[in-house]
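# A structural walkthrough
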Amino acid sequence: MESSNDFAAVPDAFQRLWTPHRLVYIENGQQPQKHECPFCIVPSMTDEKALIVARGEHCYVLLNLFPYNSGHLLVCPYRHVATYDEATAEEVAEMASLTQTAMRVLTAVSNCDGFNIGMNQGRIAGAGIAEHLHQHIVPRWALDSNFFPIIAGTKAIPRLLGEVRADVAAGWPASAPREAPSASS
């Protein structure tokens, strides 16, 4: 955070929290064009650029670009499917397995105290990307809530996405899926 004492004019008591990464979200809204589904596009990118921490056969795990907390992960099927009831048994099983692994990894690398895990199905239910199924895994700590979200509608995220991605990817067990599927998949 910057100190107001470092600027010209009369200093005030406020600290500034800069969140330029949220400008894309604010300016462009939540729902992408159908042909621009981010969850369909990111698997073709490098893991670092896409914030992917692990890849399975049917699903992958990535950091949420607009996290509620540091380490907020999403588990997504590769296939473009909107709701849980449209997912195959294999996709559902792998989402569950990747969610369990993600919880273990987040506990190990961030010492979190608990989790919020869930899916918002459809725009009316609050899905940020309603057309592509994804499950949220949000790590929680005993003291992670403060007045920011309540009073200012702002969430302070203490770690950069790239740092968190590196920690979670490094903490992912070697026996669990973590690499891009082969071209034949």
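Right, let's walk through the structure included here.

Here five strands make up an open sheet; going across it, the order is β1-β2-β3-β5-β4 and the pairing antiparallel. This sheet does not close on itself; its edge strands, each paired only once, are β1 (52-55) and β4 (114-118). Averaged over all pairs of adjacent strands, the angle between their axes in this sheet comes to 20°, without regard to strand direction. When strand β3 (residues 73-77) meets strand β5 (residues 135-140), the two strands line up antiparallel, connected through three bridges. Within the sheet, the bridge partner assigned to Leu74 lies in β5 and is His136. Sheet strands in contact with helix α6 (residues 161-171) are β1, β2 (59-63) and β3, and its direction is about 30° off that of β1.

Inspection of the secondary structure puts Gln121 in the loop between β4 and β5. A relative accessible area of 27% means that Gln121 is categorised as partly exposed. Along the chain, Gln121 and Asp85 lie 36 residues apart, while their C-alpha atoms are 9.9 Å from each other. When residues no more than four places from it in sequence are discounted, the contact partners of Gln121 are Ala82, Thr83, Tyr84 and Leu133. Within the structure, Gln121 has its side chain in polar contact with the backbone nitrogen of Tyr84 (distance 2.7 Å).

Take α6 next. Every buried residue belonging to α6 is among Leu161, Val164, Arg165, Val168 and Ala169, and all of these are buried. An end-on view of α6 places all buried positions within 125° of arc, on one side of the element.

Basis of the calculations
- Residues numbered from 1 in each chain as written.
- Predicted model: local features only at pLDDT ≥ 70, side-chain atom pairs only at ≥ 80, totals over all residues.
- Heavy atoms only, no water.
- Pairing = 2+ DSSP bridges.
- Helix = DSSP H or I, 4+ residues; strand = E, 2+ residues; numbered from the N terminus.
- Axes fitted to C-alpha atoms, helices over the stretch in contact; angles between N-to-C directions.
- Contact = heavy atoms within 4.5 Å.
- Buried < 20%, exposed > 50% of the residue type's maximum accessible area, 1.4 Å probe, protein only.
- Polar contact = N/O pair within 3.5 Å; in protein donor to acceptor, adjacent residues only side chain to side chain.
- Arc of directions from axis to C-beta.

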